[in-house]
Structure formats: C-alpha cells, structure tokens
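Close look at the chain arrangement
For reference, the chains in residue letters:
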Amino acid sequence: MNTIFKNIKGDRALWAVVALLALFSFLPVYSASSNLAYLYGDGNTLKFLIKHASHLFLGFAIIYGVHRMPYHYFRGLSIIMLPIVLLFLIYTLAQGTTIGGANASRWMRIPFVGLKFQTSTLAGVVLMIYVARYLSRIKDKTVTFKETIVPLWLPVFLIVGLILPANFSTTAIIFSMVLMLCFLGGYPWKYLLGIVAVGMLSLTMFILAAKAFPSAFPNRVDTWVKRIENFSSNEKTEANYQIERAKIAIASGGIVGVGAGKSVMKNLLPQSSSDFIYAIIVEEYGLIGALSLLFLYLLLLFRIVIVAHKADSIFGKLLAIGVGIPIVFQALINMAVAVELFPVTGQTLPLISSGGTSIWMTCLAIGIVLSVSKKREEIKENLENQEKVDENENPLDVLTEAI
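Note that the structure is predicted; figures quoted are calculated from it, not measured.

Glancing now at the overall build of the protein chain. For the protein chain, the helix and strand inventory stands at 15 helices and four strands. In the protein chain, buried positions account for 46% of the 403 residues. For the protein chain, contacts bridging at least 24 residues in sequence account for 74% of all contacts bridging at least 6. Just so you have it, the protein chain exposes about 20500 Å², and 67% of that area is on carbon and sulfur atoms.

Next comes the structure, spelled out in structure tokens:
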C-alpha cells in the first residue's frame, strides 16, 4: 500500500476531490438502490453496494495506471483508437436494441465477461484527445477550412452521427465540447459558425428522415420532442412522472435533509440510483448536501483549469481541458435536470451514480488529466535536483576539470 501511495503523482488536490466524490457516492447509491433491490431482486441492497464498490475499484485502478503513462502517448493512441471506436459504434447501432419500443442502441456486450459497455462514452474521450492532438499541430499556423474538413471534422461528424440515433444528449454534449475545445485552441471562429450551421442542418435532416421512415429509428425522435414539450409545459402528465417525483424529493429535503438512507421518493422515482440520484441526495442531505456536492464539482473544474494552465505544452493544455471539462459539464447537466432547469437527458452524475461505464470513462479522463499534471511535477523535480547538484559542486573540482 505504501508503494502505491509513493507512486501516486500529479495534482494532489485533484486526487483528493475525486476520492471525496467516490467515498460520498456509497451513501446515496446504497440508499437509492433499495428500490432496484425489491423490484429486481430479493430486497438485498448489499450486492448493489458491492457492485458499485467494484466499479469504483476498477475505476481507480484505471486512474492509477493511466496517470503513470506519459501524456504524449495519448497523441498516437488517439489515432489508433479512432477507427476502433467507430467500429464499436457501428456494431452497437447495428444491434438495434429497443427499450419500451424506443431505439436505445447504446451498449455492446463484452465477450466472455458478459458486461455491457456504453460505447459512446469511450468514443467521446477518444474524440476529445484526437481533436486536442490536431489543434496542437495547427497552433500558430494559418489554415483554411478546406484543409481541416478531412483530418478534423470528418471524424467528428462520423462519431456524433453514429451516436445521434440512440443518444441525442450525449451527441449534443460531445459536439458542444468539441466546439469549445476548438475555440480555446485558436480555431478560426468564422469556421466554427459554419460548423454549427452544418450541425444544425444535419440534425434537421435526421429528424425529417426519422419522421419519414419511423421504422428505421423507432420512436426516438418522438421521445426527444416529448421531453422538450414536457419541460416547456407545466401540465402534469405521465410522461414527466420522473421529474415530478424528483421535485417532490428536493422539496422534502429542506435545509439539512431527512437523513441518510431515509428518502421516501427513492421507492417511487425510477433511475433513483443513476440519472436522478441528485434528487435523492438533496432529499436526504438537504440544501447543505446539494451545495457541498456542487462545490466539489466546481473545485474539480478549478483544479482541471489549473492543470491545463501549468501544462508544459499546447497539447497538454488542450488535452486536460478536452477530457476534463466534459466531466463537470455532465455533472451540471444532471443537477439541472433534477431541479427542472433542463429537459430530461439521461446523463449520470459522474463518480456518484451507479453504472460501470460512466465511472470507468470518467476515471480514464481523470487519469489523463493527472498524467498532464505529473509531467509538470517531473520537470519541477528535475530542476530542483539540478540546482542541488550545482550548489553542492566543489569549485576546485570544476577548476581541475577545466585544466
């Protein structure tokens, strides 16, 4: 154990925030999973807690392994992984999985293990690394829009196009984060406006095609429209059942909450341990718990920005921002959905919600950010060691060597 802690590098504050989020997640997951335990099991919530613990254990193993790698390795790995994730997305979409009559082709089953894996989350991380790599190559160079179509925008539109039919919210997040990274990377804003226009046009064409050929995309566009309509209207319908229960849970929390494990709405709120776990947290820990969790995510954002600012290269800066900011962005969206500031999206709360893929890909991104910060520490340590050598060097020895 001492050897492991000795080999932990990178931003210590970032490690601390991630550890606090992970440790806190056990309480709401254990409490909220009671509903699943009675619906799909024998009422034993311990196995859900053990499952969550195993996901986090593997997640922290991913962080540890990834953060030990030099971050410039990811530059080449992104080129290798890009065609692989494209094949994963094609395979996942081709399965044609449906849930409640709606297209939900989001998961692929890992052979021999039997676990389901959400391919879009891995594709998002790989794409952000790839975009960071490309932007670092063209930094301070004058490029034309035509030159960037194939190497930059073709992979972006291929990936978001393959994710879109089954998961609009993930598509929107990935596309928004790519645009943000391109803006921060110095990509001409006039070209970005054109890309936004192309994206909107492509989305409109997809919706029209889905309406014209509903058998190709079963009920998915209708689901998006209903969610937006329910968000914009105040009518209480069966479709906005989840958000109504979430609001009741939040209203019941008050300032200090009803207490850990004492939530009532966890038994009535679907996805209480994943998509709507924030509502259960507010109910059990009140406004104090809600603001404390928000503070931790904002602190995570602050440390990511600090790591990016101190990075020793353009690629390191863009890499930390590209894979780190989406974590906080997803968390804010999840919270906004719970308090009805945003339509229902199906996005989990990073490091808190149950679910293996979400935890593992979040940990992968955090490991990459820590790898960037570790490089800065190594440079600093080398300089300090060199200064010590210079101070301890005997002037007579230097004179002797010169003679």
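Pairing between side chains of opposite charge can happen when the charged atoms of each approach one another. Tallied over the full model, the rule gives three salt bridges. The salt bridge partner of arginine 303 is aspartate 11, with a shortest N-O separation of 2.6 Å. A residue pair is termed long-range when its members are at least 10 positions apart, and arginine 303 in helix 12 (residues 277-310) and aspartate 11 in the loop between helix 1 (2-7) and helix 2 (12-32) qualify at 292 residues. Considered together, arginine 303 and aspartate 11 belong to a single accessibility category, that of buried residues. Two residues, lysine 247 and glutamate 340, come together in a salt bridge whose shortest N-O distance is 2.9 Å. Residue lysine 247 is found in helix 11 (residues 241-253), and its partner glutamate 340 is found in the loop between helix 13 (314-338) and helix 14 (356-392); the two are separated by 93 residues along the sequence. When its relative accessible area of 33% is taken as the criterion, lysine 247 is described as partly exposed. A relative accessible area of 24% places glutamate 340 in the partly exposed class. Ionic contacts of the salt-bridge type, sharing partners, join the residues Glu244, Lys247 and Glu340 into one network.

A word on helix 12. Taking 1.5 Å per residue as the helical rise, helix 12 with its 34 residues ought to reach 50 Å, whereas the 34 Å between its terminal C-alpha atoms falls clearly short. Along helix 12, the sharpest kink reaches roughly 125 degrees, centred on glycine 286.

Core analysis: the largest hydrophobic core is formed by 102 residues, its most contacted members being Trp153 and Leu349. Ranked by the residues each element gives to this core, the list is headed by helix 12, at 15 residues. Those residues in contact with leucine 349 that lie beyond four places of it in its chain are Ser274, Ile277, Tyr278, Ile281, Leu293, Tyr297, Ala331, Asn334 and Met335.

Our focus in this paragraph is the environment of tyrosine 285. You can see tyrosine 285 is positioned in helix 12. Distance from tyrosine 285 to glycine 259, taken between C-alpha atoms, is 6.0 Å for residues 26 residues apart in sequence. Excluding residues within four positions of it along the chain, tyrosine 285 makes contact with Phe24, Leu27, Ile255, Val256, Gly257 and Ala260.

Looking now at helix 11. A turn of α-helix holds 3.6 residues, and therefore any two residues three or four places apart point the same way. Over its 13 residues, helix 11 extends 19 Å from the first C-alpha to the last, a length consistent with the 18 Å expected when each residue adds 1.5 Å. Along helix 11, the residues that are buried comprise Ile243, Glu244, Ala246, Ala249 and Gly253. The secondary structure elements touched by the buried residues of helix 11 are helix 12 and helix 13.

Our focus in this paragraph is the packing of helix 6 (residues 119-138) against helix 8 (residues 168-184). Interaxial distance between helix 6 and helix 8 falls to 10 Å at its minimum, and their mutual angle equals 15 degrees. In terms of orientation, helix 6 lies roughly parallel with respect to helix 8. Crossing handedness for the pair helix 6 and helix 8: right-handed. Contacts from Ser120, Gly124, Leu127, Met128, Val131, Ala132 and Leu135 of helix 6 reach helix 8 at Thr170, Ile174, Met177, Val178, Leu181 and Cys182. The residue inventory of the contact of helix 6 with helix 8, partitioned by class, reads 10 nonpolar, three polar and no charged.

This part is about the confidence of the model for the protein chain. Mean pLDDT over the protein chain: 84, with 81% of residues reaching 70 or higher. No element of the protein chain has a lower mean pLDDT than strand 2 (residues 102-103), which averages 42, and none a higher one than helix 12, which averages 95. The low-confidence segment residues 98-104 (pLDDT under 50) makes 18 contacts with residues lying over four places distant or belonging to another chain.

Okay, the environment of valine 17 next. Relative to the elements of secondary structure, valine 17 occurs in helix 2. Non-local contacts of valine 17, meaning those with residues more than four positions away in its chain, are made with Leu296, Leu299 and Leu300.

Next up on the list: the packing of aromatic side chains. Under the counting rule described, the total for this entry stands at six aromatic pairs. The interplanar angle of 75 degrees and the centroid separation of 5.7 Å between the aromatic rings of tryptophan 153 and tyrosine 187 together place this pair among those described as edge-to-face. Taken together, the positions of tryptophan 153 in helix 7 (residues 145-163) and tyrosine 187 in the loop between helix 8 and helix 9 (189-212) put the pair 34 residues apart, joining distant regions of the chain. Three or more aromatic residues joined by ring pairs form one cluster here, namely Phe145, Trp153, Tyr187 and Tyr191. The ring of phenylalanine 315 has arginine 75 sitting right over it, with the charged end atom 4.3 Å from the ring centre.

Each value, and the rule that gives it
Residues numbered from 1 in each chain as written. Predicted model: local features only at pLDDT ≥ 70, side-chain atom pairs only at ≥ 80, totals over all residues. Heavy atoms only, no water. Helix = DSSP H or I, 4+ residues; strand = E, 2+ residues; numbered from the N terminus. Buried < 20%, exposed > 50% of the residue type's maximum accessible area, 1.4 Å probe, protein only. Contact = heavy atoms within 4.5 Å. Areas by Shrake-Rupley, 256 points an atom, 1.4 Å probe, with all protein chains shown as cover. Salt bridge = Lys/Arg side-chain N within 4 Å of Asp/Glu carboxyl O. Expected span 1.5 Å × (residues − 1). Bend = angle between axes of the 7 residues up to and from the residue. Core = buried A, V, L, I, M, F, W, Y, C linked by side-chain atoms within 4.5 Å. Axes fitted to C-alpha atoms, helices over the stretch in contact; angles between N-to-C directions. Parallel < 35°, antiparallel > 145°, perpendicular 65-115°, else oblique. Left-handed = near helix turned anticlockwise from the far one by under 90°. Nonpolar A, V, L, I, M, F, W, Y, C, P; charged D, E, K, R; others polar. pLDDT = per-residue confidence, 0-100. Phe/Tyr/Trp six-rings, centres within 6.5 Å; stacked < 30°, edge-to-face > 60°. Lys NZ or Arg CZ within 6 Å of the ring centre and 35° of its normal.

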